[in-house]
Structures are given as C-alpha cells and as structure tokens.
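Below, each chain spelled out in residue letters.
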Amino acid sequence: MSRYRINGGRRLSGRVTISGSKNAALGVLAAAMAVDGPSVIENVPRVSDIDILLDIFALLGAKVEWQSHDTVRIDPTTVSNHEAMMEEVHQLRGSYYLLGAFLGRFGRVRQLLPGGCDFGSRPIDLHLKGFAALGASEQQISDGVIDLQCPQRLKGASIFLNVVSVGATINIMLAAVHAEGVTVIDNAAKEPHIVDVANFLNAMGAEVRGAGTDVIKITGRPVLPANKTYAIIPDQIEAGTFMMMAPLTRGDITVENLIPTHMEPLSNKLIDMGCLVEEGDDSIRVALMEHDKLTATTFRTMPYPGYPTDLQPQTVALLCAAEGSGRVIENVWENRFQYIDDLKLMGANIMTSGRLAIIQGGLRLQGAKVPCRDLRAGAAMVMAALAAEGETIVEGIETIQRGYENFVPKLRGLGAEIEEIEA
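Residues numbered from 1 in each chain as written. Predicted model: local features only at pLDDT ≥ 70, side-chain atom pairs only at ≥ 80, totals over all residues. Heavy atoms only, no water.

**Student:** How would you explain the side chain of T315 if you had to name every residue and give the values?
**Tutor:** With respect to the helices, strands and loops of the structure, T315 is situated in helix α9 (residues 312-319). You can call T315 buried: its relative accessible area is 1%. With residues up to four places along the chain from it excluded, the contact list for T315 reads M244, F299, Y307 and V328. (Helix = DSSP H or I, 4+ residues; strand = E, 2+ residues; numbered from the N terminus. Buried < 20%, exposed > 50% of the residue type's maximum accessible area, 1.4 Å probe, protein only. Contact = heavy atoms within 4.5 Å.)

Pasting the structure below:
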C-alpha cells in the first residue's frame, strides 16, 4: 500500500491543467458499449476507475485501444456476451452503467453488483424502476447478481424519478436509445456529465433532447452507427479541489481547462469568503491576497446546479482555515462525514449532528498520520496536510488515484512538498 508524505505550510501558486471528467468518462465510455460501431473518445482521464472499466470492456470482448495518453478507441461490435461477472465489476460504482447499455443492446444483462466508495446507502431501485417501465419486466437480484430480461424489444415510456439520481438518469438514457418510441425521464438529474453523455449519444446517431433540464426525451433508434470522435468535458470536481487549495494555503492558483459556468456554485462561495476570483474563457484564477481574511460561511450540498456533494470534504478542510464558524449541510448522502475524525487528529475543531457539520476555523492544523476513507475524503486529507504544520502521512492513496490524474506532479508544479512512498 502506498502513501503520501507531505510537508505542509507552503504557499501554492502557479497554473494547473485539469484532466477530463472522471464521472463523465464513466458514463460516456459505457455509452460507447451501447452503440453499434466504434468510437474514439478524447480527453479521457488516466485514473484507476477508468482503467478498471476498460479492463471490464476488454474481458467482455470489446476491442479497446489507447491511441494516445488521453484518447481511446472502443469497438463494441465484437461483444456478444451480456454477462459481466468478473471481479472487476465490484471495484467501481460506474460499472452499473453496463446494465442500461446491455439491456438496450441485447435485451438482457446479467452482472455482479457494483462497488465504489462507502459513504451511505446507494440502492439501484430507481434504475430498476426505469428498466421495468421500458419493458424489462423479468428482474432478479440474488447472491450479489443482477439479472434483467426484456421478453421483447424495449418500448419507450414515461418515467418519473421520485428522487433526483445521476446514475438512474444515465442508465435509463443508455437503455432508452435503443427502445421503440419515445422515452420521457421526468425529474432527471441535470449534472454536466448527464449533458456530456447525451451529447456523446447524439454524436453517435441517437436522439436525446433536454439533457441539462429536468425533462429528458429520448427517441429510440434500432441502430446507432457511431464511428465518430468525441471529447470528454473537463473535471468539475478536480477543478474545484485545486481552486480551494489557493485560499487554503493563502496562495494564487490559475486553474486551466475548465468550464467556468460549471464552477459557479463554488466560485460564488469563494467570493463570499473573501477570495479573488477571476474568470477567463476556460480558466479561473483564485487567490487570497496578503492582507485579506478568509471568512467562514455556510455550504449546502444539492444536486446540480447546487453545490456538489463531491466537493463537500474538501470544503470542510477549507473551512478549517477560515476565521469564524462555518457550516456544511450534506443534503445528498447520509453518511459522508466519516473522515471528520481524521481531521480532528490534525487539530480541527469540528462538531457533527446528523447531516450538519460545524467547523470552528482559524486553528493551525498539525501533521499526523491519516487514512483515505473515500476518494473525495482522501483529497480533503491532502488539502489539510498542505495547510498543516509539519509532516503528514496520508495512507491508502490508491483511493485518491481512482479520480485524480497526475495528482503529485500537479501539486509539485504549484510548489507543494509531497512525495509518494511505499508503505
């Protein structure tokens, strides 16, 4: 098991380039398995979650070829097996997108239950409700295996999601692009990676309208010819993580290759806290000037366009450096404060009650040995270490490497003193 050794207290400054969106890539790559021809996908982040998903594709018989560092060609036409029963399926949550992709393409899918970060119950009941509405009436879950069958071709339907769900929205889209007729998803998720998956499908010959709103309409097509090239959007969460490192270390960082409108929930909060925020066409500069104060405020996580839950742990780390009492209200997952005890080991003053965390900031954190409890909590541990006095050891960094490409080189480029060491 590898770990990071970080000497904190250094001011970070400079420019950092954001990689492609991990969350979008998981959906787009799965969509590439739903179409009827090869596709070339650019700006793919080289993180372990993506490597695992592509390994699954190859094990299923797809032709997967890296054409450059961030460009992969996927040809699903050699896949005839609708069963994803390999152990790799357990290793990431995004493997469940194969349910929709294969159900639409083959009318049947059998696969192991997916894995992923453990910060609360994440059932797939909304996915199954959508599949049933499309005609997959034969559903069985037993011994960790999902088996779905549609006796005839899937047919378009009106589907209302009683809870906004990114995963269910994407999975239903992947199944519906091959269904007969029109499918309407009401109360759909609006996240940028929903739009990215829809744009990819449209580029491959599908007809998906309304992505980015709460009503998505899909007109099914029997064949999606594909044979096109598509580029993944930049990673909103990676961008937000680096944006927060500037005020955390009283630094000055320009984050490049992002979409500024995707960052507005965070940018507005950083301005409220006293930061300088300057937007370019595809960049944002964040700085805390020499005599400025970082002031605590309240954050509430919500589905997009609200504040992202995937930035919540990093936000708590930032509030540890702010003057006053900050509050974070977690409205998406019920158990995403597990990492807070680790911040307390570093001297943080944080109280929690249910979905509320109250952070008394202004205290200098101290180096310690801390774990990575999940992907974003791991990033928060690194952020806390960068601001802390002395040396911090962050253990279990394989979790961080699931979603952050070239994390150490990017941090070093900003002036961080960090190295990866073997346990």
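From this point on, the discussion continues.
**Student:** How would you sum up the sheet that holds strand β20 (residues 349-353)? Please name residues and give values.
**Tutor:** Pairing in this open sheet of 4 strands is mixed, and the strands run β18-β19-β21-β20 from one edge to the other. One side of each edge strand has no neighbouring strand; the edge strands of this open sheet are β18 (298-300) and β20. Mean inter-strand twist for the sheet, computed between neighbouring axes without regard to direction, equals 15°. Both strand β19 (residues 325-329) and strand β21 (residues 356-360) contribute to a ladder of 5 bridges, which runs antiparallel. Across the sheet, the residue bridging to G326 is I359, located in β21. Taken strand by strand, α9 contacts β18, β19, β20 and β21, and its axis lies near 170° from that of β19. (Pairing = 2+ DSSP bridges. Axes fitted to C-alpha atoms, helices over the stretch in contact; angles between N-to-C directions.)

**Student:** Give me the lowdown on the environment of M273, citing residues and values where you can.
**Tutor:** As for its placement among the helices and strands, M273 is situated in the loop between α8 (264-272) and β16 (276-279). Residue classification places M273 among the buried residues on the basis of a relative accessible area of 0%. The spacing of M273 and D75 is 198 residues in sequence and 48 Å in space, taken between C-alpha atoms. If we ignore the near neighbours within four places in the chain, the residues touching M273 are K293, L294, T295, T297, F299, L318, L319 and A322.

**Student:** Mind laying out the packing of helix α5 (residues 166-176) against helix α6 (residues 192-203), listing which residues take part and the relevant values?
**Tutor:** Helix-helix packing is characterised by the crossing angle of the two axes and by the distance between the axes. For the pair α5 and α6, the least separation of the axes is 10 Å and the interaxial angle reads 10°. Judged on the interaxial angle alone, α6 and α5 are roughly parallel. Across from V166, T169, I170, M173 and L174 in α5, the residues of α6 making contact are H193, I194, V197, A198 and L201. Of the residues in the contact of α5 with α6, the class split is 8 nonpolar, 2 polar and no charged. (Parallel < 35°, antiparallel > 145°, perpendicular 65-115°, else oblique. Nonpolar A, V, L, I, M, F, W, Y, C, P; charged D, E, K, R; others polar.)

Remember, this is a structural readout, not a statement about activity or role.
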